[in-house]
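Commentary on secondary and tertiary structure
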Amino acid sequence: MRMPQAETLSSPHGLGNDDDHFHEECGVIGVWNGKDAAALTALGLHALQHRGQEASGIVALSEKGEFHSHRGLGLVGDIFGDAKVMAGLPGTAACGHNRYATTGETALRNVQPLYADFEFGGLAVAHNGNLTNAGQLRRALVRRGCLFQSSTDSEVFVHLIAISLYSNVVDRLIDALKQVQGAYSLVALHNGALIGARDPLGVRPLVLGKLNEGWVLASETCALDIVGAEFVRDIEPGEIVVINDEGIRSLNPMQPAPSRFCIFEYIYFARPDSVVEGTPVYETRKRIGAELARESHVAADVVVPVPDSGVPAAMGYAIEAGVPFELGIIRNHYVGRTFIEPTDQIRHLGVKLKHSANRAMLEGKRVILVDDSIVRGTTSKKIVEMVRNAGAAEVHMRISSPPTTHSCFYGIDTPERAQLLAAQHDLEAMAKLIGVDSLAFISLDGLYRALGRPGRDAASPAYCDACFTGDYAIPLTDWSNAPESKAKAAIPA
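These remarks concern the structure in this document. Computed from a predicted model, the values in this text were never measured in an experiment. (Residues numbered from 1 in each chain as written. Predicted model: local features only at pLDDT ≥ 70, side-chain atom pairs only at ≥ 80, totals over all residues. Heavy atoms only, no water.)

A closer look at the side chain of Ser 62
Its location among the elements puts Ser 62 in the loop between strand S3 (55–61) and strand S4 (67–73). We classify Ser 62 as buried; its relative accessible area is 10%. (Helix = DSSP H or I, 4+ residues; strand = E, 2+ residues; numbered from the N terminus. Buried < 20%, exposed > 50% of the residue type's maximum accessible area, 1.4 Å probe, protein only.)

With respect to unusual backbone geometry
For the bond from Gln 112 to Pro 113, the omega torsion is 5°, close enough to zero to count as cis. Within the secondary structure layout, Pro 113 lies in the loop between strand S5 (93–99) and strand S6 (114–118). Following Pro 307, the chain continues into Asp 308 via a peptide bond in cis, with omega recorded as -5°. Looking at the secondary structure, you find Asp 308 in the loop between strand S18 (302–305) and helix H10 (311–321). Positive phi, normally seen in glycine, also occurs at Asp 36, with a value near 55°. Note on placement: Asp 36 falls in the loop between strand S2 (26–32) and helix H1 (37–47). Of note, the phi angle at Asn 212 is positive, near 55°, even though the residue is not glycine. For Asn 212, the position within the fold is in the loop between strand S10 (207–211) and strand S11 (214–218). We classify Asn 212 as exposed; its relative accessible area is 66%.

Structural notes on the packing of aromatic side chains
As enumerated under the stated definition, the model contains 12 aromatic pairs in all. Relative to Tyr 115, the ring of Phe 67 has its centre 5.1 Å away and its plane inclined at 50°; by these criteria the two rings are tilted. Of this pair, Phe 67 sits in strand S4 while Tyr 115 is found in strand S6, placing the two residues 48 residues apart along the sequence. Among the residues examined, Phe 67 registers a relative accessible area of 0% and is labelled buried. Taking the centre distance of 5.2 Å and the plane angle of 40° together, the rings of Phe 264 and Phe 269 count as tilted. Overall, Phe 264 belongs to the buried group, its relative accessible area being 1%. One aromatic cluster in this structure is built from Phe 261, Tyr 266, Tyr 448 and Tyr 463. Between Arg 138 and the ring centre of Phe 148, over which it is positioned, the NZ or CZ distance is 4.1 Å. One residue, Lys 210, lies across the ring of Trp 215, its end atom 4.8 Å from the ring centre. (Phe/Tyr/Trp six-rings, centres within 6.5 Å; stacked < 30°, edge-to-face > 60°. Lys NZ or Arg CZ within 6 Å of the ring centre and 35° of its normal.)

Looking at the sheet that holds S2
Read across the sheet, 7 strands follow the order S4-S3-S5-S2-S11-S10-S12 without closing on themselves; strand pairing throughout is antiparallel. Both edges of this open sheet fall to S4 and strand S12 (230–234), since each of them pairs with a single strand only. Here the average twist between neighbouring strands, direction ignored, is 15°. Pairing between S10 and S12: 4 bridges, direction antiparallel. Along S12, the bridge assignment pairs Lys 210 with Glu 230. In the packing of H1 onto the sheet, contacts are made with S2, S3, S5 and S10, and the angle to S5 comes to roughly 25°. (Pairing = 2+ DSSP bridges. Axes fitted to C-alpha atoms, helices over the stretch in contact; angles between N-to-C directions. Contact = heavy atoms within 4.5 Å.)

Brief notes about the packing of helix H9 (residues 281–296) against H10
Two numbers describe how H9 lies on H10: the axes approach to 6 Å, and their chain directions differ by 45°. Regarding the angle of H9 to H10, the classification is oblique. Considering how the two elements wind past one another, H9 and H10 form a crossing that is right-handed. Contact residues: H9 offers Tyr 282, Arg 285, Lys 286, Gly 289, Ala 290, Leu 292, Ala 293, Arg 294 and Ser 296, while H10 offers Pro 312, Ala 313, Met 315, Gly 316, Tyr 317, Ile 319, Glu 320 and Ala 321. When its residues are assigned to classes, the contact of H9 with H10 shows 10 nonpolar, 3 polar and 4 charged. (Parallel < 35°, antiparallel > 145°, perpendicular 65-115°, else oblique. Left-handed = near helix turned anticlockwise from the far one by under 90°. Nonpolar A, V, L, I, M, F, W, Y, C, P; charged D, E, K, R; others polar.)

Side note on the pairing of S11
Note on strand geometry: in a regular strand, side chains alternate between the two faces of the sheet. The element S11 is largely enclosed, with a buried count of 5 among its 5 residues. A two-sided burial pattern is seen for S11, the buried positions comprising Gly 214, Val 216 and Ala 218 on one face and Trp 215 and Leu 217 on the other. Here S2 pairs with S11 via 4 bridges, running antiparallel. In the strand pairing of S11, Val 31 is matched with Val 216. As defined by bridge partners, S10 adjoins S11 across 5 bridges and the pair is classed as antiparallel. The residue bridging Gly 209 from the neighbouring strand is Val 216, located in S11. Once S10 ends, the chain turns through 2 residues before running back antiparallel as S11, passing Asn 212 with a positive phi of about 55°.

Observations regarding the packing of helix H4 (residues 134–143) against helix H5 (residues 155–163)
The N-to-C vectors of H4 and H5 enclose an angle of 45°; their axes lie 10 Å apart at closest approach. By the criterion of interaxial angle, the relationship of H4 to H5 is oblique. Classified by chirality, the crossing of H5 by H4 is left-handed. Where H4 approaches H5, its residues Ala 134, Leu 137 and Leu 141 are matched on the opposing element by Val 156, His 159, Leu 160 and Ile 163. For the contact of H4 with H5, the class distribution of residues is 6 nonpolar, 1 polar and no charged.

A closer look at the sheet that holds strand S21 (residues 366–371)
As summarised here, the arrangement of the 4 strands in space is S18-S21-S22-S24, forming an open sheet in which the pairing is parallel. Of all strands in the sheet, those bounded by a partner on one side alone are S18 and strand S24 (438–441). Between one strand axis and the next, the sheet turns by 20° as a mean value, whatever way the strands run. Bridge analysis of S18 against S21 gives 4 bridges, and the strand direction is parallel. Counterpart to Val 304 in the pairing with S21 is Leu 369.

By themselves, these observations are geometric and do not establish any function.
Right, here's the structure in full:
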């Protein structure tokens, strides 16, 4: 089948790297037997925009069996807002991808879904996560003569499928998945089916929805909601689902293993209105805030969230502590990258483009600031300074995650460990550097209690919490000989 290309290079104006938060690598969605599948996919990608703002792409399968592609750098609305673009993506099946890069530079050649023509027909692949042996596999594939067109580790899937000796696409995909290590949720589209797959530990999310006579696979339930699909279930760890005109088939070719879902999905990554692994994210974040209040409350006049991610936790904290909740910081939702030449003075003022102090709620008050995490501490320091300049009598910071002491290698864009504030300083030193009267994080056991567990079982943790503990559940093959301080530079190209 031919693969018409309608690729565009849009201006990248995502959120950028100047905000001090972790970033999810990407979001994926696939639609089978849906009217205007590409439009549904674009809507789903819009709902998943928080999972990646650097680039988006859609591959659609027409009723004639032809694949059509459109990809671009930037936000979903800018890439797929043109009626002519959508008219060039006909068909009742499609898959899409939002990218926030953890491997490979931001370039059009790295924008997914990746597409290739095989003996069995065309195949488009969209991947969320990170392969920890991609560098090793890539070197072996290059020695075999494989030619890589991108610098993303997702292309490893394509080449492993290409060289597999199995006859059909599903068996070839299983063959490929058995060779990779890492965290992934994958959606693939070929002439006969839509396929979804999840890594054996279920680190990255993937859900299944029913849309009239069709089906939807997506990273989060919020993508199902926007297209009017009914949530059916989570794809199980290690499961492969094959969806075609005959229905849905479930395969479990992987070695069974205890689930290690990413705990940070509950804290920050997932959209608040999503349901993750059967648990509503919004309510979970309120419970985390309540647990944080039970562990570390101090006398205060007002609880103020650092918007937007700190809002539900701050609400839970305020209710538990019996302290008024107020929007003492107002976020400007219409700011992306700094639009002025980034001189040192403008960089210093940049936080004011995104956040403004609500002086009436802060002046003369003992303030508890609630945020989801501290990474480098740069934004926290500026926000605390802003709150003090608005006249706050005291500023106490409470964090709804444990201290982030280790880098993530499973699909989350994190700094080197040397840049993580909690990896380099104790609590007292961090409080001094940020400029607060007191600083407290939720305990690891407290976080697990908020998620309905009695605490963390060190022998068999229920979640992937390596960013807090250094307990990496999946082998770091590509980093086995590299100190973690050099890990980001060692990520496979």
